[in-house]
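Below are the chains, spelled out letter by letter.
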Amino acid sequence: MLESDLDSVHAVESQAYAHPWSRRHFHDSLKAGYPAILLLSQPLPGEVVHPPRADGRVLLGYLVAMPGVDEVHLLNITVATAHQRQGWARFMLDALGLWSRGQGAQWLWLEVRQGNAPARALYERCGFAQVGLRKGYYPAGHFQREDAVVMSLRLAPAAGGPTP
């Protein structure tokens, strides 16, 4: 993801969520050097590319992560609404896991809205387990807040343990 991608990314983000990240969130993540990856494809015959990209490719989704000492924290993963339920989120999670292992990370961490049952189910299918709850973490509209479920995935085996 580059600065020049932020208009397209923010357009997808705004379509996908009631409380999207701002363009500034993405800008700040890039400025901090966080891994920010786009998932792009050639359009199918007759497919209207939205949002339009200068290169004509379709923005299927993206992720932003924050590396730590022995862990990676997934900050944002989004699939464009027109491409959801096609396995792209799983694809990006698998790629993030491989990249994280290559960086020496032992854990992947994330927060997910407590009410986002489809995302929670996906994370569980990918091996993530709930390890905590952050009360009032997300904005929920009308001056309300929603709890976040904290989940983690062990990437590296414990000493003497089997490889995951």
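None of the values given here were measured: they were computed from a predicted structure. (Residues numbered from 1 in each chain as written. Predicted model: local features only at pLDDT ≥ 70, side-chain atom pairs only at ≥ 80, totals over all residues. Heavy atoms only, no water.)

A. Spatial organisation of the sheet that holds strand S3 (residues 71-79). On the basis of which strands lie adjacent, the open sheet formed by six strands has the order S1-S2-S3-S4-S6-S5 and mixed pairing. The open sheet is flanked by strand S1 (36-41) and strand S5 (129-141), the only strands paired with a single partner. Within the sheet, the average angular offset between the axes of one strand and its neighbour, ignoring direction, is 25 degrees. Bridge count for S3 against strand S4 (residues 107-113) is four bridges, and the pairing is parallel. The residue bridging Val-72 from the neighbouring strand is Leu-108, located in S4. (Pairing = 2+ DSSP bridges. Helix = DSSP H or I, 4+ residues; strand = E, 2+ residues; numbered from the N terminus. Axes fitted to C-alpha atoms, helices over the stretch in contact; angles between N-to-C directions.)

B. Spatial organisation of the packing of aromatic side chains. Throughout the structure, instances matching the rule amount to six aromatic pairs. Between Trp-88 and Phe-91, the aromatic rings sit 6.0 Å apart at their centres with planes inclined by 85 degrees, giving edge-to-face as the arrangement. With Trp-88 and Phe-91 both in helix H3 (residues 88-102) and three residues apart, this pair spans about one turn of that helix. Exposure remark for Trp-88: the relative accessible area of 27% places this residue in the partly exposed category. Between Trp-107 and Trp-109 the ring centres are 6.0 Å apart and the planes differ by 35 degrees, which places this aromatic pair in the tilted class. (Phe/Tyr/Trp six-rings, centres within 6.5 Å; stacked < 30°, edge-to-face > 60°. Buried < 20%, exposed > 50% of the residue type's maximum accessible area, 1.4 Å probe, protein only.)

C. Representation of unusual backbone geometry. Of note, Arg-85 is a non-glycine position whose phi angle comes to about 65 degrees, a positive value. With respect to the helices and strands, Arg-85 occurs in the loop between S3 and H3. Even without being glycine, Phe-143 reaches a positive phi, approximately 65 degrees. Summarising the element assignment, Phe-143 is placed in the loop between S5 and strand S6 (144-154). The exposed category is assigned to Phe-143, whose relative accessible area is 90%.

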